[in-house]
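# Report on the structure
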Amino acid sequence: MSQAAIDTENLPYADGDFYAFEQLLTSKERDRLAEVRQFLAREVQPIAVDCWNRAEFPMDLIPKLAEIDLVSPVRRQGYSSLFAGLVHAEVTRADTSIATFMGVHDGLFTGSIEALASEEQKEAWLPDIYALRKVGAFGLTEPLGGSDVAGGTRTTARWDGDAWILSGAKRWIGNATFADWVVIYARDVADNQVKGFLVDTSLPGYGATKIENKISLRTVQNADITLDNVRVPGFFKLAGANSFRDVNKVLKVTRLAVAWQAVGQQLAAFDVARRYAVERFQFGRPLASFQLVQEQLVQILGNAVSSMGMMVRLSQLEDAGEAKDEQSALAKAFTTARMRESVALGRSILGGNGIVTDYGMAKIFADAEAVYSYEGTYEVNALVTGRAITGVSAIV
Ligand SMILES: Cc1cc2nc3c(=O)[nH]c(=O)nc-3n(C[C@H](O)[C@H](O)[C@H](O)COP(=O)(O)OP(=O)(O)OC[C@H]3O[C@@H](n4cnc5c(N)ncnc54)[C@H](O)[C@@H]3O)c2cc1C
């Protein structure tokens, strides 16, 4: 087979949307998605691998992200959850680290304020947050409290007449090396309940140290945070964050976003593996002409579109106000497991070139590991679902 036999520039199903789920969007949403895609191709894709290699966040991207106005598409801008999910998948497809930056600022941080702050607090904080004039982070996980953080939050909050005193440590907090504000969840020593606080990172006693040597999401700046008797004025306690049940209201929605990241990761793996398979020749033929390689590409596609189908329906349920915790949990567990399989297949299709970042696939492969484990690990989300279908908790 000659090289000219495959038109590598105009591959069919270029968007990977094999069952045309995008047709479920309104025409306004489709136009906006196209605009976001152009932005990502222009501003994110060209810098993604270099930032990842250097483990540096592109700070000059923040004003550009502000301009394209991606924060809070559902609650603020009135778009559907399906639209928000497809946009998040597209950002991930361009770069999972940038999607994680947005997932932390928008989903976890802004989501905490939107769901748990009073009207007065929202009025005071949200305009700067929506415009990315203030960048946010979300501090829940601790050095000794990961999967069990709900019952095991060790960071304490103590009311001291006119301010809360926060003490303790947080680990893995995305964006926290440069964030202006961090929502910190801490256990109130008075009633033992986990409560939420908006903490200004310039307050005395607050410290953040970058976690170095990561093999996944290297562009994301994760930090170890220390809180040494940080005095947080009373107004900065989130009015509606009074127990871990309230934190779960935020996590239910963000788990959905992470499942959409798993879709984006698989579309990215499909893009790179398919292009490589038609361009790379062995035995005088393109890799794509080998039956085993075609089957692997089809497996990636099948995984990606079945994950997408699940997410399309879950997004509809979310908009109808009917999505349940266990449905988000199953979506996160299932799509990330499929993602792990897909990126490994994609990595294999690139052979040796699959392990160097120059060819696009190694970054996707490595990033899958963090997505599999954060926002509730695969196992914990599986057990949340297992509890819902058996009535028996196997978590503790
Ligand atoms: C890149 C990255 C970004 C992150 N960003 C943030 C952030 O911005 N804010 C934040 O608060 N957190 C963040 N996290 C933390 C993340 O949510 C935790 O890593 C995750 O919840 C798992 O906790 P852990 O790492 O302590 O693992 P552990 O809880 O110690 O789990 C270790 C292993 O044991 C398994 N396990 C634990 N309990 C059980 C059980 N009952 N049954 C079966 N298996 C079990 C787990 O599934 C896992 O395989 C981030 C993590 C990463 C890696």
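Residues numbered from 1 in each chain as written. Predicted model: local features only at pLDDT ≥ 70, side-chain atom pairs only at ≥ 80, totals over all residues.

## Observations regarding the overall build of the chain
- When you go through the chain residue by residue, the secondary structure sums to eleven helices and nine strands.
- Its C-alpha radius of gyration of 21 Å places the chain within 12% of the 21 Å reference for a compact globule of 396 residues.
- Overall, the chain is about 80 × 45 × 40 Å in size when its C-alpha atoms are taken along their principal axes.
- For the chain, the proportion of its 396 residues judged to be buried stands at 47%. (Helix = DSSP H or I, 4+ residues; strand = E, 2+ residues; numbered from the N terminus. Rg over C-alpha atoms; globule rule 2.2 N^0.38 Å. Buried ≥ 20, exposed ≤ 12 C-beta atoms within 10 Å, placed from the backbone.)

## Remarks on the packing of helix 4 (residues 96-116) against helix 7 (residues 244-279)
- Taken N-terminus to C-terminus, the directions of helix 4 and helix 7 make an angle of 160°; their axes are 9 Å apart at the nearest point. When the axis of helix 4 is compared with that of helix 7, the two are roughly antiparallel. As helix 4 runs across helix 7, the sense of the crossing is right-handed. Each of Thr96, Ala99, Gly103, Gly107, Leu108, Gly111, Ser112, Ala115 and Leu116 in helix 4 lies in contact with helix 7, whose residues at this interface are Asp246, Lys249, Val250, Val253, Thr254, Ala257, Val258, Gln261, Gly264 and Gln265. (Axes fitted to C-alpha atoms, helices over the stretch in contact; angles between N-to-C directions. Parallel < 35°, antiparallel > 145°, perpendicular 65-115°, else oblique. Left-handed = near helix turned anticlockwise from the far one by under 90°. Contact = placed C-beta atoms within 7 Å.)

## Thoughts on the site of the ligand
- By nearness alone, 23 residues border the ligand, and Leu140, Gly146, Ser147, Thr377 and Glu379 come closest of all.
- Broken down by secondary-structure element, the contributors of at least two residues to the shell around the ligand are strand 1 (136-139), strand 3 (163-174), helix 10 (361-373) and helix 11 (378-390).
- Here the shell around the ligand is composed, by residue class, of twelve nonpolar, nine polar and two charged.
- Looking at the shell around the ligand, you find at least three residues from each of domain 2 (136-243) and domain 3 (245-390). (Near = placed C-beta within 6 Å. Nonpolar A, V, L, I, M, F, W, Y, C, P; charged D, E, K, R; others polar. Domains from an automatic or database assignment.)

## Brief notes about the packing of helix 7 against helix 8 (residues 291-319)
- It is the contact of helix 7 with helix 8, at a shortest axis distance of 9 Å, that shows an interaxial angle of 155°. For the element pair helix 7 / helix 8, the angle class is roughly antiparallel. Crossing geometry of helix 7 relative to helix 8 is assigned as left-handed. In this structure, helix 7 contributes Leu256, Ala259, Trp260, Ala262, Val263, Gln266, Leu267, Ala269, Phe270, Ala273, Arg274 and Ala277 to the contact, and helix 8 contributes Val293, Leu297, Ile300, Leu301, Asn303, Ala304, Ser307, Met308, Met311, Leu314 and Glu318.
- A class-by-class count of the residues in the contact of helix 7 with helix 8 yields 18 nonpolar, three polar and two charged.

## Topic: helix 3 (residues 81-94)
- With 14 residues, helix 3 should reach 20 Å at 1.5 Å per residue; the first-to-last C-alpha distance of 20 Å fits that figure.
- Within helix 3, 14 of the 14 residues are buried, which leaves it mostly tucked inside the rest of the structure. (Expected span 1.5 Å × (residues − 1).)

## Examining the domain arrangement of the chain
- Examined at the domain level, the chain breaks down into domain 1 (21-130), domain 2 (136-243) and domain 3 (245-390).
- Computed from C-alpha coordinates alone, the two centres of domain 2 and domain 3 are separated by 30 Å.
- The partner domain 3 presents nine residues to the eleven residues of domain 2 that form the contact.
- Each residue belonging to the side of domain 2 that touches domain 3 can be placed in one class, and the counts come to six nonpolar, five polar and no charged.

## Quick notes on the pairing of strand 1
- What you see with strand 1 is no split at all: Gly136 and Phe138 on one side and Ala137 and Gly139 on the other are buried throughout.
- Examined bridge by bridge, strand 1 and strand 4 (residues 181-188) share four bridges and lie parallel to one another. Note that in strand 4 the partner of alanine 137 across the bridge is valine 182. (Pairing = 2+ DSSP bridges.)

## Thoughts on the nonpolar core
- Formed by 115 residues in total, the largest nonpolar core has its most connected members in Leu166, Phe197 and Ala273.
- At 20 residues, helix 7 tops the list of elements feeding residues into this core. (Core = buried A, V, L, I, M, F, W, Y, C linked by C-beta atoms within 7 Å.)

## Remarks on the environment of valine 380
- Checked against the element boundaries, valine 380 lands in helix 11.
- Spatially, the C-alpha atom of valine 380 lies 25 Å from that of alanine 84, the residues being 296 residues apart in sequence.
- Other than its neighbours up to four places away in sequence, valine 380 contacts Ser147 and Ile395.

## Remarks on unusual backbone geometry
- Positive phi is not limited to glycine here, since leucine 132 has a value of about 55°.
- Among the structural elements, leucine 132 can be located in the loop between helix 5 (119-130) and strand 1.
- Residue leucine 132 is classed as buried on the basis of its 21 C-beta neighbours within 10 Å.
- In this structure, asparagine 192 takes a positive phi of about 70° despite not being glycine.
- Residue position: asparagine 192 is located in the loop between strand 4 and strand 5 (194-200).

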